[in-house]
Amino acid sequence: MAGEVSITQATGNLSITNGINAAAISLNALSGNINVQNAVVASTGAMNITASGSVDVIAGTALAKLQSGGLQSVNANRLSLTGASSGSVLSAQLASSGGQNIVVDSGGIVLQGG
């Protein structure tokens with residue numbers, strides 16, 4: 001497991017399609033969205049996710065998950081979790097064993113299952 005991972009996308013979208021495992025994770029999209037698709041992003045400690053646009057967790061061909069062992073903080077205009085097609089048992093998840101602080105602005109929260 002890596003130490004701390006911090007990724008900041010100054011303009012445009014931050015897309016994550018491969019897994020990340022670290023002690024602590026910080027993902028920031030200063031002028032765009034954060035898209036986690038078919039990947040598990042996991043920390044044993046804190047996780048901070050901030051996007052000026054939306055945070056989209058999308059399961060299409062694999063599980064998509066944001067998982068933290070410590071406090072998980074999500075701050076975005078919109079939060080969307082989209083599971084894969086019916087019968088695939090592939091889900092999109094936000095999970096934490098250390099508590100969650102989720103703040104979503106006018107874009108709201110969208111949950112879609114297959």
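Let me sum up the structure you'll find in this document. Keep in mind it's a predicted model, so treat the numbers as computed, not measured.

### A short note on unusual backbone geometry
Working step 1: Not every positive phi belongs to a glycine, and Asn-38 is a case in point at roughly 55 degrees.
Working step 2: As for its placement among the helices and strands, Asn-38 is situated in the loop between strand S4 (34–37) and strand S5 (40–43).
Working step 3: The class for Asn-38 is partly exposed, based on a relative accessible area of 22%.
Working step 4: The phi angle at Val-89 is positive, at roughly 50 degrees, despite the residue not being glycine.
Working step 5: Summarising the element assignment, Val-89 is placed in the loop between strand S9 (72–82) and strand S10 (92–96).

### Notes on the pattern of salt bridges
Working step 1: In total, this model carries 1 salt bridge according to the counting rule given.
Working step 2: Two residues, Arg-78 and Asp-56, come together in a salt bridge whose shortest N-O distance is 3.5 Å. Taken together, the positions of Arg-78 in strand S9 and Asp-56 in strand S7 (residues 54–58) put the pair 22 residues apart, joining distant regions of the chain.
Working step 3: Looking at Asp-56, the relative accessible area reads 10%, which means it is buried.

Rules used in this analysis
Residues numbered from 1 in each chain as written. Predicted model: local features only at pLDDT ≥ 70, side-chain atom pairs only at ≥ 80, totals over all residues. Heavy atoms only, no water. Helix = DSSP H or I, 4+ residues; strand = E, 2+ residues; numbered from the N terminus. Buried < 20%, exposed > 50% of the residue type's maximum accessible area, 1.4 Å probe, protein only. Salt bridge = Lys/Arg side-chain N within 4 Å of Asp/Glu carboxyl O.

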